[in-house]
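In case you want the letters, here they are:
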Amino acid sequence: MYDMIIIGAGPSGCFLANEYVQKGMKCLLLEAGEHYQRHTYPRSELTGNSKLYWSGGIELNSRADIGFLRPKAVGGGSIVNQALLDPFDDIAFDAWREKSKLNFFKKENFQPYYEQVLNNVPTQEIPKEFRNRNAEIFKEGFEKNGYQCAPLVRAQKNCQYEKGNDCIECLNGCRIDSKQSSAITALPKALDGGLELRDKMTVIKIEILFNKCYVSAVDEFNEQYTFESGYITLASGAIGNTKILKMSGFDKKLPALGKNFYTHPQFMSLAFYDEVINSHKGPFQAMKSDDANFRKNNFKLENVFGPPVALSMLIPSFGKSHMQRMKDISKIACIEVAIRDFIPGEIKVNSKGKVKIIKNLKGIDLETKQKGLEAIHNIFKSTGAKEIIDGQFGIGLHLMGGCGIGSSDSKSVTTENFHLHSSRRIFLADSSIFPSAPGINPSLTIMAQSLMASEKILKEVS
Ligand SMILES: Cc1cc2nc3c(=O)[nH]c(=O)nc-3n(C[C@H](O)[C@H](O)[C@H](O)COP(=O)(O)OP(=O)(O)OC[C@H]3O[C@@H](n4cnc5c(N)ncnc54)[C@H](O)[C@@H]3O)c2cc1C
């Protein structure tokens, strides 16, 4: 019998687990993905995608025009992500306060928790001398068009760029432990503090009977286990938490469950140049847009570069001509627009547990995309691009909502004390409780929010 079972070992799960065990709670952390070490991460793009993500690499919306990357590993998204850490601004918190009707969503209330996270997660900017040509084109284009950009801040310690390390590799997990994932920051402390971790254990159902929680899970061989605890923390992300709750019958008492799902849909545009750019070499994503006008218009631009397989999906050609185009990969520059989406999607789950994601880009979100594309074209054209291809396939990397936090039990799922409206034994503080899309990288706030929540949760359970 455990005091707390935490389901999902992403940033939220790892940070919360650490707070709980440091206060003497007996905790079990269950994670569907594998606990990789720096020398065991999958090394090829194809095996990386299939081993580190749910559903073999990608999940699609019902129209199959947006793909969602849902991480599956101990460390969750912090293993595969770009590790960019940005605090929220007033615009993001004001919107959250308005939607949730909860007054504590204010920058000054989050500041101490941001600081606590950053004391535990080292960050760096990419030094100027190591920026690749793609980053330079991005910066040049911004300057020529009067847009503002700024260096990105990444959770990393020592990437040893002088050795020729390519960032593109670390999207499959960092083989030199420079990327500061939750698996190497919060988790080791939690394990030292007595946390029990079971990886490759997928939770299928939770139940509360006579003030005890029961968690049913299956291992990689489909063998079933039931674990008992006083309380449960759901930290399985927007889709994971919604699915577990729906499969466990909680949707009957939580009408907003699965609703208000946001993803910051991102679209990549590629430009062919005469010169060699090698966007996939060395550190990429050194710069980000930092433009008040872009923020007002609800988009941001990043000089990201996709791994070759992902990139090939965006180039509209087949067979021999496609091979020909892909041979020019070294001459491609790439900028993506990330949209702060206002029209929410919905996560549905059928009786067999199959997830259906309704999330279409329309209305104001489509207009935002067009504004972002205009800025990208200006940047490419002013820096000598020969041809521009706008990727038609959207990607959702920031999966948020489904269990939104708020004061109303009909419009939200999670209370201001971070438990379900329908149960004081089930807590949540991860990306699933976001009330709306902030338009800013979410990880830093997920970790800060988890630290803030841990104080309230520890009071509730003591
Ligand atoms: C390619 C990529 C790049 C990104 N780049 C950035 C970035 O630069 N900056 C940023 O801020 N954000 C970035 N993100 C988003 C960020 O990683 C996520 O927002 C963040 O990881 C969410 O944290 P979480 O704890 O809420 O959930 P997750 O990190 O998704 O963790 C949830 C965990 O729960 C597990 N789980 C789910 N269901 C079950 C179940 N039934 N049983 C057991 N375990 C389960 C999952 O396997 C997963 O490991 C990126 C994401 C991706 C995919």
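None of these values were measured; they are calculated from a predicted model.

Caption draft 1: Broad picture of the pattern of salt bridges. Under the criterion given, the structure shown has 19 salt bridges. In this structure, the salt-bridge partner of R175 is E169, at a minimum N-O distance of 2.7 Å. Classification of R175 by relative accessible area gives partly exposed; the value is 32%. When its relative accessible area of 27% is taken as the criterion, E169 is described as partly exposed. Put simply, R424 and E460 hold a salt bridge, and the shortest N to O gap is 3.1 Å. Linking R424 in strand β21 (residues 423-428) with E460 in helix α13 (residues 443-461), this pair joins segments that are 36 residues apart in sequence. For R424, a relative accessible area of 54% puts it in the exposed group. Here the residues in one salt-bridge network are R133, E136, E140 and E275, joined through shared partners.

Caption draft 2: Fine view of the site of the ligand. Lining the immediate environment of the ligand, one finds 38 residues, of which E31, G77, L84, S431 and S443 sit closest. Interatomic distance of 3.0 Å between a backbone N/O atom of A73 and an oxygen atom of the ligand. For the ligand, the accessible surface in isolation is 1000 Å², of which the surrounding protein chains cover 95%. Secondary structure elements with two or more residues in the shell around the ligand: α1 (11-22), α3 (77-80), β7 (201-209), α8 (237-247) and α13. The residue inventory of the shell around the ligand, partitioned by class, reads 20 nonpolar, 15 polar and 3 charged.

Caption draft 3: Inspection of the packing of aromatic side chains at higher detail. Under the counting rule described, the total for this entry stands at 22 aromatic pairs. Aromatic pair F104 and F105: ring centres 4.6 Å apart, planes at 40 degrees, arrangement tilted. Its relative accessible area of 13% is what places F104 among the buried residues. With centroids separated by 6.0 Å and ring planes inclined at 45 degrees, the aromatic side chains of F104 and F418 adopt a geometry described as tilted. Taken together, the positions of F104 in the loop between α4 (90-100) and α5 (107-120) and F418 in the loop between β19 (400-401) and β20 (419-420) put the pair 314 residues apart, joining distant regions of the chain. Grouping residues by exposure puts F104 and F418 together as buried. In textbook terms, an aromatic cluster arises when at least three aromatic residues are bridged by ring pairs, as seen for F88, F93, W96, F104, F105, F110, Y114, F418 and F434. The ring of F267 has K369 sitting right over it, with the charged end atom 4.1 Å from the ring centre. Against the face of F104 rests K456, its NZ or CZ located 4.3 Å from the ring centre.

Calculation rules
- Residues numbered from 1 in each chain as written.
- Predicted model: local features only at pLDDT ≥ 70, side-chain atom pairs only at ≥ 80, totals over all residues.
- Heavy atoms only, no water.
- Salt bridge = Lys/Arg side-chain N within 4 Å of Asp/Glu carboxyl O.
- Buried < 20%, exposed > 50% of the residue type's maximum accessible area, 1.4 Å probe, protein only.
- Helix = DSSP H or I, 4+ residues; strand = E, 2+ residues; numbered from the N terminus.
- Near = heavy atom within 4 Å.
- Polar contact = N/O pair within 3.5 Å; in protein donor to acceptor, adjacent residues only side chain to side chain.
- Areas by Shrake-Rupley, 256 points an atom, 1.4 Å probe, with all protein chains shown as cover.
- Nonpolar A, V, L, I, M, F, W, Y, C, P; charged D, E, K, R; others polar.
- Phe/Tyr/Trp six-rings, centres within 6.5 Å; stacked < 30°, edge-to-face > 60°.
- Lys NZ or Arg CZ within 6 Å of the ring centre and 35° of its normal.

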